[in-house]
Amino acid sequence: MAKEELIQFEGLVTEILPDARYRVQLDAGHEIVAYTAGKMKKNRIKTLAGDRVTVEMSPYDLEKGRLIFRHKDERPSSAGGPPRGAAQRGGQFRRR
């Protein structure tokens, strides 16, 4: 028996819920509850309210889904700042 194909939708995260779940407003107008996919957890990809995401859903339960991709923001980032972690260490201690 073949595995059922999953349906992909795009949406907007409207609310962060407990247990790494999110309320997502789909572009089609429906609102679902979704959780973070394992690869996003493994790669420590954080999702905040207002992020555009791609959601994967089973055709059997259209109220739940899995976040599989967080789209990049169109906002320009600040590239002129200090290197990451430099402000925390302050150059006082050497890391081994």
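Our structure is the block above this text.
Description of the structure in this document. Owing to the predicted nature of the structure, the values given are computational and were not obtained by experimental measurement.

Definitions and cut-offs
- Residues numbered from 1 in each chain as written.
- Predicted model: local features only at pLDDT ≥ 70, side-chain atom pairs only at ≥ 80, totals over all residues.
- Heavy atoms only, no water.
- Helix = DSSP H or I, 4+ residues; strand = E, 2+ residues; numbered from the N terminus.
- Buried < 20%, exposed > 50% of the residue type's maximum accessible area, 1.4 Å probe, protein only.
- Contact = heavy atoms within 4.5 Å.
- Areas by Shrake-Rupley, 256 points an atom, 1.4 Å probe, with all protein chains shown as cover.
- Salt bridge = Lys/Arg side-chain N within 4 Å of Asp/Glu carboxyl O.

**Observations regarding the overall build of the chain**
- For the chain, the helix and strand inventory stands at 2 helices and 5 strands.
- Beginning at the N terminus, the succession of helices and strands in the chain can be written as β-β-β-α-β-β-α.
- The buried share of the chain, taken over its 96 residues, is 21%.
- Residue pairs in contact within the chain that sit at least 24 positions apart in sequence constitute 50% of those at least 6 positions apart.
- When the accessible surface of the chain is split by element, carbon and sulfur atoms take 51% of a total near 8100 Å².

**Section: the pattern of salt bridges**
- According to the stated counting rule, one finds 5 salt bridges in the structure shown.
- For E10, the salt bridge is made with R52, and the minimal N-O distance between the two is 3.5 Å. Here R52 lies in strand β4 (residues 52–57) and E10 lies in strand β1 (residues 7–17), a separation of 42 residues in the sequence.
- Of the residues examined, E10 reaches a relative accessible area of 37% and is grouped as partly exposed.
- One network of salt bridges, with partners in common, ties together E10, D27 and R52.

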